[in-house]
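Next come the chains, spelled out residue by residue.
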Amino acid sequence: VSTKKDNLQKQFNAVHSCMGCGDCGYAIRPAVELNLTCPVKEVHPTSFEPFFSRGKMVIAKGLLDGDLEYSSALAEIIYQCTECGACHETCHQSRNPSIENFVCRWIDHVKVWEALRRDLVEDGFAPLPDHARLLQGLKDAGARNPYGETLASRNNWLKTTPAASVITNDSDMMLFAGCTAPYRNPGPLQAFLTIVEAAGVSVSLSDQEWCCGSVALRIGDIETAREVAAHNADDWHAAGIKSVVTNCAGCYRTFAIDYPELLGKDAKLPLFQHTAIFALDLAAAGKLKFAEGEPQNVSYHDPCHLGRHMKVYDPPRDALKAVPGVTLVEMPHNRNNAWCCGAGGGLKSQFPQLAADIGKTRIQEFLMTGASSLVTTCPFCLSSLQGALKNAPLPGGTQPTVVDLLEFMAKNLAK
Amino acid sequence: MNPEILQRLQGIVTAPFATDDPYIAYSYSKNVDPVLKGVPDIVIRPGSAEEVAEILKVANQERLKITPRGGGCCEFGGSKPIGDGGIVLDLKRMDKILEINEENMSVTVDAGISWGALNAKLAKQGLYTGCMGPGSGMVASVGGGISHNSVGGGGCAKYGACTKQLLGLEVVLPSGEIIHTGAQANKFTKVPFGRYGNGPDLAGLFAGDNGIFGVKTKVSLQIFPRPQFANYKTFVLKGNTAQSGAKIMQRVRREGIDVYDLFYLPDIVTTVMSAQDMFKPWKNVKRLKGMVFYTVEANSDAELTEKCKSLDGIITTEKGTDIGPEIADGNIAKWHYVEQGHWQIYHSLWGITPTSEPCTAECFAPINDFPAILADLDGWEGAHKAEIDKILAIAGARPIVGSGPIMLLGENDVEITCGFTTYPHKEAREINLALWQSIIEFVTQRGVQWYMMGDFCSHVFTKMGAYAPEYYTLLQNLKKTLDPNNVLSPGKFSLFEEAADK
């Protein structure tokens, strides 16, 4: 049975621009300390070609040529990917600002993976079971989040937040809390309000916030993503919001890149900001006073959605360095070469062992730095890396931690 | 394929590493070209020579065709089946460094390790492989490099093709027996140290064999200390730059100057790279034409200065102008050596426009022949204008005929990276194949030696009658002796005359 390939067809040039060199699976260049391959391929039990970019591209060529059709079996392969974009970065690696290889101009790998997923959903071969459960939560009018928690309880985290009083409906800057933090780990949100309070500013918070839609987009359910995006945009518009700040790297990428595509270029959208940039601005403006701290080595994990997808590398590092006593110690894979935590692209929900194994490799890299804390700026990364650390054998006498940037900053504020 | 065969194979490698999943199989159906395809029935990732041997024994019993695959970077379809069916042996799982012997300056590795991974490890000890393998060396396997007599990854002017550093091989013969070549043909020998002696050099039988005589499972190579001093310069040429490039290379050889790399970039390469803004500093170069760039290494500053002086003198005599010391000045040689752009320089010539891919005619020729071959290619293009126009009509873009870099090799010869870039549209497939066959025949008739030959080139070369009959008969007899059931890489060189269906 011939399946529709409408979304993939739009990626014809990208798919056929892949030469098949395989750098995306094996790139290693010692002179510039480059060892950037595919995290899924590196931990996969078989590492056959489709478990990194090149093999998926050959399959995409087969689909476009009519040699292959979509199926449930193919969905099982295509979704074994974090959409972290390491393949894209590798493909673009002349590693010198004066040189730009041609091929990289024509391929946006993540767009190809998303086109495959959209086709699979539209043809009825996806979502996979665990992804379907997440989508059900988004579609549920009483939930509107992938965890299936009630919409009414979304802001319950405020009840245990000391600085909750900085929330005001008068502010035209809105905090977008996301889903993972309020329902699973509100610490970073509470820290954000502590920082906001210390800086003497205020933010608003909607009681009509829905999931940003990132989960639906990464799974390939474009209609559900469009529905929640339209709702959130209407909510902001109705409240007169001029800027939205979020602590979730996934939400941030979705707002900045996907919302204009989903809602059209004429959609009236506010400015979007990640809390790492916001907090750095407050610190740089002298609005945050930090305690004189003990010297400590800290490492930073770039979330894929904030780093490779949004190119935000320096602000979180600069925010960390604003804390007295902090020495930033980079892991070998950092910035645009950062290793995924394993949670992206729906991998953790559908293929948890693969995700855990990727997180494990990242934590091993962190432990080798000898730093006391691993700081990140994404609730998914936070959860994955905290889980990986829990299971990691620790060097004797050490108690390293994985913390969110905001919690790290709030903890070091002057009393 | 009979499911019992898959079960037997899964029993050899443990189940997950052998599969007949149609999507996984399809993902092994293509290499680095726009038209060739062959979908295997089964893909296996063996973990040892013993597993490879058992797989080959099953293949003989069941008359299965086996295609060994390293990095999958063959430009002539050599690491996918010819026609559909059979088994692809994905050897990249065998990727360990088994011994770095600094006393004897040798390294022994599993054949599936990449040149990049091997050299990353060696670099930490101040060592390298000399020739850094092929231009695709970040991915290409050491075993694949030996199978193709690879060049292109740097160091070839000084060290020659990667087979020059070959000390010995562990090979699984098509029948499933495991042999060791070179010094280790003597079962009492502890370490690899040379190929010749103990009778004929049987490593040479497998070096450049395109995978038809055996599956390489371990490779021993010479290693070298990486000199502490190096310099790298890029020069713009004037007039007939191909002639100047050839003269420079000839003088370097005649005067015995020890150069690590020496490349000539034809006018079309520098022009396109500049026009497309690939190498931004070249925008500022007045009268941009062909270029040469070199790298020299030395063990002292004085030695380095002397070598550079000699080279600069030769290039200046040929009206070369030094472009400046930094990459930002346009010194591509520095990128090539210092940032290991040598493993990417060919990538930069692909994909000039969206979806364009090379139908390559990458070959070796004597230094003094390459200017004429490049000039003749212009004639070939003119003679095939009608076909090229047809592809333009189908793809909306015109194929580009010409050559990428010309690289000085270790035997007073050069590598010519010529061919044409074209487009993968299905409607253009037959025209592409006809043009590709034509350009391979055309270049063969100019007396070249071929680099990798794989599926397509070996087939064209054989069918056009390029082999002397006696030589071809010997080749056939060797194949039939080693592989009487024709299970290994069947179709390459048409040795059993089972012409592949193109």
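Above this text sits the structure in question.
Residues numbered from 1 in each chain as written. Chains lettered and ligands numbered in written order. Predicted model: local features only at pLDDT ≥ 70, side-chain atom pairs only at ≥ 80, totals over all residues. Heavy atoms only, no water.

Participant: How should I be thinking about the overall build of chain A in this particular structure?
Facilitator: Across its full length, chain A holds 20 helices and 8 strands. Oriented by its inertia axes, the alpha-carbon framework of chain A measures out at about 65 × 50 × 40 Å. Residues classed as buried in chain A amount to 64% of the 415 residues present. For chain A, contacts bridging at least 24 residues in sequence account for 78% of all contacts bridging at least 6. Surface accessibility of chain A: about 15,100 Å² in total, with carbon and sulfur atoms responsible for 52%. Charged side chains in chain A number 38 positive and 44 negative. The centres of these two groups are separated by 2 Å. (Helix = DSSP H or I, 4+ residues; strand = E, 2+ residues; numbered from the N terminus. Buried < 20%, exposed > 50% of the residue type's maximum accessible area, 1.4 Å probe, protein only. Contact = heavy atoms within 4.5 Å. Areas by Shrake-Rupley, 256 points an atom, 1.4 Å probe, with all protein chains shown as cover. Lys, Arg positive; Asp, Glu negative; His and termini not counted. Charge placed at Lys NZ, Arg CZ, Asp CG, Glu CD.)

Participant: Is there a simple way to think about the nonpolar core in this case?
Facilitator: Soluble globular proteins tend to pack their nonpolar side chains together in the buried interior. If you look at the biggest cluster of nonpolar residues, it comprises 274 residues, and the most contacted ones within it are A:Ile363, B:Trp282, B:Phe370, B:Ile416, B:Trp436, B:Val443 and B:Trp450. Looking at this core element by element, the count peaks at 8 residues for helix α14 (residues 429–444) of chain B. Setting aside chain neighbours within four positions, we find B:Phe370 in contact with B:Ala242, B:Gly245, B:Ala246, B:Met249, B:Tyr264, B:Ile406, B:Val414 and B:Ile416. Counting 25 residues, the second largest nonpolar core, distinct from the first, contains B:Ala18, B:Ala49, B:Val58 and B:Ile66. (Core = buried A, V, L, I, M, F, W, Y, C linked by side-chain atoms within 4.5 Å.)

Participant: Would you take a moment to explain the layout of surface pockets for this structure?
Facilitator: With a probe scaled to a water molecule rolled over the atoms, the places where space remains empty come into view. In this structure, the largest pocket occupies an estimated 1,200 Å³ of space. Forming the walls of the largest pocket are 39 residues, and the residues nearest its centre are A:Ile28, A:Asn35, A:Thr37, A:Glu42 and A:His333. Of all elements in the fold, only α3 (23–26), α4 (39–43) and α18 (352–369) of chain A together with α4 (115–123) of chain B reach the threshold of two or more residues within the lining of the largest pocket. Sort the elements by how many residues they give to the lining of the largest pocket and α18(A) lands first, with 6 residues. When its residues are assigned to classes, the lining of the largest pocket shows 14 nonpolar, 12 polar and 13 charged. The space that makes up the second largest pocket amounts to roughly 910 Å³. As for the second largest pocket, its lining consists of 34 residues, and the residues nearest its centre are B:Ala207, B:Gly208, B:Gln449, B:Trp450 and B:Tyr471. Elements represented by at least two residues in the lining of the second largest pocket include exactly α7 (203–206), β19 (449–450) and α16 (469–482) of chain B. No other element matches α16(B), which puts 4 residues into the lining of the second largest pocket. The class makeup of the residues in the lining of the second largest pocket is 21 nonpolar, 8 polar and 5 charged. (1 Å grid on protein atoms, 1.4 Å probe; cavity = no way out; pocket = protein on both sides within 12 Å on 5 of 7 lines; lining within 4 Å. Points joined across faces, edges and corners; volume = space filled by probe spheres on them. Nonpolar A, V, L, I, M, F, W, Y, C, P; charged D, E, K, R; others polar.)

Participant: What exactly am I supposed to notice about the packing of aromatic side chains here?
Facilitator: One pass over the full model with this rule turns up 28 aromatic pairs over all chains. The ring of A:Trp210 carries A:Arg144 above its face, with NZ or CZ at 3.9 Å from the centroid. (Phe/Tyr/Trp six-rings, centres within 6.5 Å; stacked < 30°, edge-to-face > 60°. Lys NZ or Arg CZ within 6 Å of the ring centre and 35° of its normal.)

Participant: Where do I start with the pattern of salt bridges in this structure?
Facilitator: A side chain of one charge can pair with a side chain of the opposite charge when the charged atoms of the two come close. Scanning all chains against the criterion turns up 46 salt bridges over all chains. Notably, a salt bridge pairs A:Arg218 with A:Glu114, separated by 2.7 Å at the nearest N-O pair. Of this pair, A:Arg218 sits in helix α12 (residues 214–219) while A:Glu114 sits in helix α8 (residues 109–122), and the two are 104 residues apart along the sequence. A:Glu114 matches A:Arg218 in its accessibility class, with the two residues each being buried. We note a salt bridge from B:Asp483 to B:Lys479, for which the minimum N-O separation is 2.7 Å. For the pair B:Asp483 and B:Lys479, one class covers both residues: buried. Here the residues in one salt-bridge network are A:Glu114, A:Arg118, A:Arg218, A:Arg253 and A:Asp258, joined through shared partners. (Salt bridge = Lys/Arg side-chain N within 4 Å of Asp/Glu carboxyl O.)

Participant: Quick question: what am I supposed to make of helix α14 (residues 249–263) of chain A here?
Facilitator: An α-helix turns once every 3.6 residues. As a result, residues three or four positions apart point the same way. Residue and element names in this part refer to chain A. With 15 residues, α14 should reach 21 Å at 1.5 Å per residue; the first-to-last C-alpha distance of 20 Å fits that figure. The sharpest bend along α14 measures roughly 40° and falls at isoleucine 257, with the proline proline 260 sitting one to four residues further on. Listing the buried residues of α14 in full gives Ala249, Gly250, Cys251, Tyr252, Arg253, Thr254, Phe255, Asp258, Tyr259 and Leu262. Remark: glycine 264 follows α14 within two positions and exhibits a positive phi of approximately 95°. (Expected span 1.5 Å × (residues − 1). Bend = angle between axes of the 7 residues up to and from the residue.)

Participant: Looking at this model, I keep getting lost on the sheet that holds strand β4 (residues 271–274) of chain A. Mind explaining?
Facilitator: Strand pairing in a sheet relies on backbone hydrogen bonds. The paired strands run either parallel or antiparallel. Residue and element names in this part refer to chain A. If you trace the 4 strands from one edge of the open sheet to the other, you get β2-β1-β3-β4, paired in parallel fashion. Two strands close off the open sheet at either side, each with one partner strand: β2 (204–205) and β4. Bridge analysis of strand β1 (residues 173–176) against strand β3 (residues 243–246) gives 4 bridges, and the strand direction is parallel. Following the sheet pairing, methionine 174 is matched in β3 by valine 244. (Pairing = 2+ DSSP bridges.)

Participant: Would you explain the interface of chain A and chain B in this entry?
Facilitator: How large an interface is tends to be reported as the accessible area lost when its parts come together. At the interface, 52 residues of chain A touch 60 residues of chain B. Here chain A packs against chain B, burying approximately 4,600 Å² in sum over the two surfaces, 61% of which is carbon and sulfur. On the chain A side of the interface with chain B, the three residues burying the most area are A:Met19, A:Phe48 and A:Phe102, jointly 17% of the side's total. Inspection of the chain A/chain B interface yields 3 salt bridges. For A:Glu100, the salt bridge goes to B:Lys280, with nearest N and O atoms at 3.5 Å. Run the count over chain A and chain B and you get 16 residue pairs in polar contact (both at pLDDT 80 or more). Of all elements in the fold, only α2 (12–17), α3, α5 (53–65) and α6 (72–78) of chain A reach the threshold of two or more residues within the side of chain A that touches chain B. The biggest single contributor to the side of chain A that touches chain B is α5(A), with 7 residues. Among the residues making up the side of chain A that touches chain B, the classes are represented as 26 nonpolar, 15 polar and 11 charged. (Buried area = accessible area lost by both parts, 1.4 Å probe. Polar contact = N/O pair within 3.5 Å; in protein donor to acceptor, adjacent residues only side chain to side chain.)

Participant: What is the right way to read helix α12 (residues 370–383) of chain B from this model?
Facilitator: Taking 1.5 Å per residue, 14 residues should reach 20 Å; α12(B) reaches 20 Å between its end C-alpha atoms and fits that length. Residues of α12(B) that are buried sit in contact with α8 (241–254), β13 (261–265), β16 (357–366), β17 (400–408), β18 (413–422) and α14 of chain B.

Participant: Please clarify how the side chain of A:Thr161 should be interpreted in this entry.
Facilitator: All names here are of chain A. Mapped onto the elements of the fold, threonine 161 is located in the loop between α9 (129–139) and β1. On the basis of relative accessible area, threonine 161 is assigned to the buried category, the value being 6%. Among residues more than four places away in sequence, those in contact with threonine 161 are Gln190 and Leu193.

Participant: Help me out: how do you make sense of a positive patch on the surface in this one?
Facilitator: Residues and elements named next belong to chain B. There is a patch of like positive charges on the surface, built from Lys238, Lys247, Lys286, Arg287 and Lys319. Within the element layout of this structure, lysine 319 appears in the loop between α10 (301–317) and β15 (321–322). Overall, the relative accessible area of 55% leaves lysine 319 in the exposed class. (Patch = residues over 30% accessible without salt bridge, like charges linked within 9 Å, V, L, I, M, F, W, Y side chains within 5 Å.)

Participant: Is there a simple way to explain the side chain of B:Ser494 in this structure?
Facilitator: Residues and elements named next belong to chain B. Among the structural elements, serine 494 can be located in the segment after α16. A polar side-chain atom of serine 494 sits 3.2 Å from a polar atom in the side chain of histidine 459. Apart from residues lying up to four places away in sequence, serine 494 is in contact with His459, Thr462, Lys463, Tyr472 and Gln476.

Participant: Help me out: how do you make sense of unusual backbone geometry in this one?
Facilitator: Leaving glycine aside, a negative phi is the common case for residues, and trans is the common case for peptide bonds. With omega at 10°, the peptide bond leading from A:Ala126 into A:Pro127 counts as cis. With respect to the secondary-structure elements, A:Pro127 resides in the loop between α8 and α9. Phi at A:Arg335 takes a positive value of approximately 50°, unusual for a residue other than glycine. Structurally, A:Arg335 can be placed in the loop between β6 (326–328) and α17 (347–350). With a phi angle near 50°, B:Met105 is a residue other than glycine that sits in the positive phi range. Mapped onto the elements of the fold, B:Met105 is located in the loop between β5 (97–101) and β6 (106–110). Taking relative accessible area as the criterion, B:Met105 reaches 23% and is therefore assigned partly exposed.

Participant: How do you make sense of the sheet that holds strand β7 (residues 373–376) of chain A when you look at a structure like this?
Facilitator: Residues and elements named next belong to chain A. Spatially, β6-β5-β7-β8 is the arrangement adopted by the 4 strands of the open sheet, whose pairing is parallel. Here the strands that pair on one side only, and so sit at the sheet edges, are β6 and β8 (401–404). Pairs of neighbouring strands in the sheet enclose a mean axial angle of 35°, with direction left out of account. Along the sheet, helix α19 (residues 379–390) contacts β7 and β8; its crossing angle with β8, the most-contacted strand, is approximately 170°. (Axes fitted to C-alpha atoms, helices over the stretch in contact; angles between N-to-C directions.)

Participant: Mind showing me how you'd approach the environment of A:Gln353 here?
Facilitator: Within the secondary structure, A:Gln353 sits in helix α18. For the pair A:Gln353 and A:Ala229, spaced 124 residues apart in sequence, the C-alpha separation works out to 31 Å.

Participant: Any chance you could explain the pairing of β16(B) here in plain terms?
Facilitator: If a strand is regular, its side chains alternate between the two faces of the sheet. All names here are of chain B. Burial of β16 is extensive: 9 of the 10 residues sit out of reach of the surface. Sheet topology places β16 next to β18; 10 bridges connect them, and they run antiparallel. Counted as the bridge partner of proline 358 is threonine 421 from β18. In terms of strand pairing, β16 meets β19 through 2 bridges, oriented antiparallel. Bridge pairing in β19 links phenylalanine 364 to glutamine 449.

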